[in-house]
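Structure assessment
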Amino acid sequence: MRSRRPILLLVLATISWCAVRSSFAAAGPPDPAARLTRALAEAETSLRQNEPEIAESRYRTALAEGWLLLGALAAVEGDLVEAARAFERAAGSVTDDRRGLMALAMVELEAGRAGEAANLLRRLAARNPADAEVRQSLARALAAAGSLEEAVQELEEVRVLAPEHHETLYTLATAYLRQGRPEAAQPLLTELAAERPRPETHVLIGRTWRDHGHHERARAALEAALELDPGVRRAHYYLGTVELLSEGRGRIEEAIGHFRAELEVAPDDPMTNLYLGIGLVESRRHEEALPPLETASRAAISRRDAFQFLGRSYLALDRPAEAVTALRRALELARAEAMELPDGVFVDLGESQLSSIHYQLALALRRTGKTDDAATHFARAREHSARLAESSREILSRYLGQEKPGSAPGVLGPPLEFPAVAGLEPAGRERLRRAVASAVARTYLNLGVFKSRESRFAGAARLFAAGAELDPGFPRLQYSLGVALFNDGQFEEATAPLTRAREESPEDADLRRMLALARLNSEDYEGAAELLRSDAGRRENPSLEYAYGLALVRSGRAAEAESVFAALLAENSEWPELNVVLGQAYAQQDEYEAAIGSLRRALELDPGVAEAHATLGDIFLRQGKLGEAEASLRAELAAHPEDERSRYTLAMVLDLNRRPEEAKRLLRQHLDARPLSADGRYLLGKILLAEGAAEDALEQLTAAADLAPEDANIRYQLGQALQKLGRADEARREFESFRRLKQAQRDGGAP
Amino acid sequence: MRRGLAMRGLPAGLVTALLACSTIWAAPAGARAADATRLEKVAAMVEAGRLDAAESELRQILALEDNPIARDLLGVVLGRQGRHEEAELELRRAIAFAPDLAAPRQHLARLYLIQKREAEAAAELREAARLGPLERELGLRLAAIEQAAGDDAAAQRQLRAVAERYESVRALLELARLESGRGDHESALGSLRRALGIAPNSEAVLRAHAEVSLAAAAPIAAVWTLEPLARMHPERVEYPYLLGVARLKVGDAAGAAETLERALALEPRRALTLIALGLAYNNQKRFEEAREHLVRSLRLDPENPEAMAALAQAEEGLGELAEAERHARRALARNPAHSLAHLVVGMVRMKQGDYAAARDALLRSVEANPGSVKARYQLSLAYARLGDGESSKNQLALYREALARMEEALIELNTRTGTGSGGMRP
């Protein structure tokens, strides 16, 4: 796992451009969810005004805002994978994907994928070359990807394009400093100070000089900040670190003075307490070092190092037992914060630091008389490094390196900032996360309802599923997801959400029935029968009774089914559709007389009932009564012109009646409506072939074979067409296929 | 579905509007002020659903002195109580008292619409519209009535008024539909750009913009809205398909192929996508892949001339001249003015050294599609081979013009979509 420490340090312990920017903003903490709340309110107003398009647009804005917040929360928690996913969703929710892509690029950069970040940012920069913020970020990504020259060029162009964008001055100056060009950086930082004549700006400039090793310039800038405001945060702190990093023992006393001054402004600041403690240890003022180090040991950001120095002080003060406790804690924390180096090798935080802790611990243990334990830690210290102690300056350099915004190789400025949420405590972040997730789930629900109203159930289901993923318990979400999937014909997928929705509303009879039908359609007949068995309203609802009977038959409970069907017919002899279904059932069993009786009865009850004429047409066709078949099928088409099966069957009847022209016309109509009808293509191909149009026939028959590769009849006709065209080898292959498929049919192994 | 026409309450600002109109009510100034306050209270009662109390108060006001605003309010109250005949009577009285007051007419029209008395509603709405702006729903309803009556100009006027007054996207969409229907794509795009300004993430608005842009032969504008549509609605095959087609029209074959592959993954057996993908591959000279997809498309739709012509182009690219000509001829049998099919025939003839026949075929190709870069180029070659230097030069100039147009369009496309080489370089 990569260490989160640099991010936390950046967010919590350094002044970034964000801090400078926000210090110019109006006082009062901004509501992180303000944009989300506003978008939702606007959506609801638009709904009331009956402007569904505006409502949809605002809901989508709310989605994007919600995902941006969730991404920011994940990023601040150090979960970059989740953050990237959230930002991708934000970008996919709205027309203007800039903010989502920008945030995603920043996450990529933080995750060490500078190339990907640069690609994203290049796309954005290409769309709007005047977008200074994007191009600055691009420069950062380029620098991180090792293209510092290109980054500098980018920034120089941004400076020309958007001279009012003062952040460019800072980023470009940082880039020059990384190139080792302090003289180029100096005028930019001077200009920045003139443009933003605030003490915070000088603090930022001072820290930047310090980060790049220009201690005198850093000192001057920080002193300028203090001149403007002696109480400005971090000026003394950075001056203290500058003194510690500078050569000469006297500097340590100066540093101690600055840290003490900083603590006057912010007494509990963990890093200032830590550095003060370290300075005092270095000056061998161990007693004085204890209080600040103890304060630092209570903060996650500084506790590992605070415990290490506490251990050293206790040892120096001849309090070995307390030293052992502190150093064991330091060791434990150091192990817990193991980090992965870029080459994938796991090592502890630093060989010399670890060896130093082991060494100090060994000394403390020996003083307490635990010589065996001491020996073990002496050996571990030697294993880790030949060096048994770091100099204080080395230690401080290491710490300061961790807090530098440019500490990652080539990064210019702070790469990942989410000021809206970074200031929140963990509990506040969790509360916000839950509230945002719920609001986003509600938004998905509303957007899904829009799609459902347009009968676009697949799209609706996608939206409901996204909401359910975020907040599975959100009211009506599982229900809506189940209904959308059901309506889209995804019966098997619908059963899980419908089952969960039943847990929410166990008394909902409609829900229970929908679940039963979903199970029936996904061939879970036993499950369907079980749900319908105890349905109190089943007997009053013949469709349900029919579904129950079907479920019983299919689950092998034919005896029970028989009584259901008998009762159904006894009570619903006037039900035209039931008579049609019965007629179809008789026809399937070749009981044509009974079938015709049922179907005619259905037509008496309702002359327009669907499928009655069509089934009669099928029966007459099977009986060879072509005239009656034609009349029946024409009657079906007159009542139901959308019935493509009847159109095809009528074409077949007409072909058999040697009326190919009308048959072809009907087939072309049929294929316009159903281009994937293998039967239609086959019959048209067969008619064309009979007329001698072998080439046209070949096209239709090839398409039919592609649609139904296991249909022996198609293969035969295809072979005939190829033979007529003189393509004997191909024809032979088709005839072989025909024979193989026919044989398989005879053997019962093929369709 | 009837939208929001139930007399549920007073629309926001109604009372203010009603009271503002009270200058036409010739009553003493002192009395007006007192009654105005009283009427505001009644309106609040109506808003709160206290209809009986509101009715009682209004009847008291009217007992003292008749006034059209009180009668109008009483009509609204009675309407909400389902007492439609009484409501109509009161509203008619209000109109008789103050014929220039628009509000009672709107309320009466609303009442008629609830009662499905469309003709009377239309008459009242027209009169109310003459007096002042209509409420959003009624304005839209009047536009629909005018349209049904065949008066598109009146419908558009009404839609513009609603769009202007309420920033109504529904009105703008309907207006764009009418404008586009009469072939005025420019105005339609203007209306849709306004709608996009208000509802930039609305699928209906984005789709309408894309469709009108394609109809107006403005593929870059279409790409601008199809790109977010494809991203925001990843389950819909038509958006990546249309995006691919639009990119193809601009000349961005690589971008088109990438988008169409996404469309194909969503629906692998869609002939239209396969044909477009075949054309995109042809334009990239990926003829084998083009042929594979076009053969698949012809299996799904064997008589499609686009697919046949594109297959012919792929075969020509692969050097299969006989097959190419056969398929091109079949495409021409179905569409004698098929530019691409003529181009293929021309290119086959060029390869066969029959430059006169090539020239004739290529002339037919450019006649069908004057912007065809390839046909212009081939034609210039054919003329050159035939020794007609002047015509060759002319065609070459036209080819360069067409190429420049395509390149400009590509640059614009890349800039708009961020697919260019980057903004930091000159």
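Residues numbered from 1 in each chain as written. Chains lettered and ligands numbered in written order. Predicted model: local features only at pLDDT ≥ 70, side-chain atom pairs only at ≥ 80, totals over all residues.

Looking at the overall build of chain A
The number of helices and strands found in chain A is 41 helices and 2 strands. The burial tally for chain A puts 49% of its 751 residues in the buried class. (Helix = DSSP H or I, 4+ residues; strand = E, 2+ residues; numbered from the N terminus. Buried ≥ 20, exposed ≤ 12 C-beta atoms within 10 Å, placed from the backbone.)

Description of the overall build of chain B
From N to C terminus, chain B includes 23 helices and 0 strands. Counted over contacts in chain B with a minimum sequence separation of 6, partners at least 24 positions apart contribute 47%. (Contact = placed C-beta atoms within 7 Å.)

Considerations on the interface of chain A and chain B
Every contact between the two is made by 36 residues of chain A and, on the other side, 39 residues of chain B. Those elements giving two or more residues to the side of chain A that touches chain B turn out to be α4 (52-76), α7 (114-127), α8 (132-144), α9 (148-161), α25 (457-470) and α39 (694-707) of chain A. Residues that form the side of chain A that touches chain B fall into these classes: 11 nonpolar, 11 polar and 14 charged. (Nonpolar A, V, L, I, M, F, W, Y, C, P; charged D, E, K, R; others polar.)

Focus on the nonpolar core
Core analysis: the largest hydrophobic core is formed by 341 residues, its most contacted members being A141 of chain A together with L73 and V344 of chain B. Element by element, the count of residues in this core is highest for α4 of chain A, at 15 residues. The residues contacting A141 of chain A, other than those within four sequence positions of it, are A105, L109, A114, A117, A118 and L121 of chain A. (Core = buried A, V, L, I, M, F, W, Y, C linked by C-beta atoms within 7 Å.)

What to know about helix α22 (residues 373-385) of chain B
All names here are of chain B. Its 13 residues place the ends of α22 19 Å apart at the C-alpha level, agreeing with the 18 Å of an ideal helix rising 1.5 Å per residue. Where α22 is concerned, the buried positions are K374, A375, R376, Q378, L379, S380, L381, A382 and Y383. Looking one or two places after α22, you find G387, whose phi comes out positive at around 80 degrees. (Expected span 1.5 Å × (residues − 1).)

Some thoughts on helix α19 (residues 321-334) of chain B
Residues and elements named next belong to chain B. Here α19 contains 14 residues, and its C-alpha end-to-end distance of 20 Å stays within 8% of the 20 Å for a straight helix at 1.5 Å per residue. All of the buried residues in α19 are A324, E325, H327, A328, R330, A331 and L332. On its buried side, α19 packs onto α18 (305-317) and α20 (339-352).

Some thoughts on the packing of helix α3 (residues 51-64) of chain B against helix α4 (residues 68-80) of chain B
Residue and element names in this part refer to chain B. Where α3 contacts α4, the axes come no closer than 10 Å and their chain directions differ by 150 degrees. Relative to α4, the element α3 is oriented roughly antiparallel. Considering the relative orientation of α3 and α4, their crossing is left-handed. Contacts between α3 and α4 pair L51, A54, E55, L58, I61 and L62 from the former with A70, R71, L73, L74, V77 and R80 from the latter. Looking at side-chain class alone, the contact of α3 with α4 contains 9 nonpolar, no polar and 3 charged residues. (Axes fitted to C-alpha atoms, helices over the stretch in contact; angles between N-to-C directions. Parallel < 35°, antiparallel > 145°, perpendicular 65-115°, else oblique. Left-handed = near helix turned anticlockwise from the far one by under 90°.)

Things to note about the confidence of the model for chain A
Residue and element names in this part refer to chain A. On average, chain A scores 85 in pLDDT, and the residues at 70 or more come to 88%. Confidence scores differ between elements of chain A, with helix α1 (residues 5-13) showing the lowest mean pLDDT of 26 and helix α5 (residues 80-91) the highest of 96. Contacts of residues 339-348 to residues separated by more than four positions or lying in other chains number 13 contacts, the stretch itself having pLDDT below 50. Taken together, the stretch residues 404-411 has pLDDT below 50 and engages in 22 contacts with residues farther than four places along the chain or on a different chain. (pLDDT = per-residue confidence, 0-100.)

Observations regarding the environment of D535 of chain A
Residues and elements named next belong to chain A. Among the structural elements, D535 can be located in the loop between α29 (525-533) and α30 (542-554). It is 9.8 Å that separates the C-alpha atoms of D535 and Y548, two residues lying 13 residues apart in sequence. Once you skip the residues sitting within four places of it in the chain, D535 turns out to touch R512, R513 and L544.

Here's the deal with unusual backbone geometry
Residue and element names in this part refer to chain A. One non-glycine residue, R284, lies in positive phi territory at about 60 degrees. Tracing the chain through its elements places R284 in the loop between α16 (270-282) and α17 (286-296). You will see that R476, though not glycine, has its phi angle at about 70 degrees, which is positive. Relative to the helices and strands, R476 is located in the loop between α25 and α26 (477-487).

Observations concerning the confidence of the model for chain B
Residues and elements named next belong to chain B. Counting all residues, the mean pLDDT for chain B is 88, and 89% of those residues have values of 70 or more. Contacts for the low-pLDDT stretch residues 1-31, under 50 throughout, to residues beyond four places or in other chains number 50 contacts. Scoring the predicted complex yields pTM 0.71 and, for the interface, ipTM 0.83.

Observations regarding the packing of α39 of chain A against helix α17 (residues 287-300) of chain B
The contact between α39 of chain A and α17 of chain B brings their axes to 7 Å, and the two run at 95 degrees. If you check the angle between α39 of chain A and α17 of chain B, you find them roughly perpendicular. For the pair formed by α39 of chain A and α17 of chain B, the contact residues are E699, T702, A703 and D706 of chain A on the first element and L298, R299 and L300 of chain B on the second. Tallied by class, the residues present in the contact of α39 of chain A with α17 of chain B amount to 3 nonpolar, 1 polar and 3 charged.

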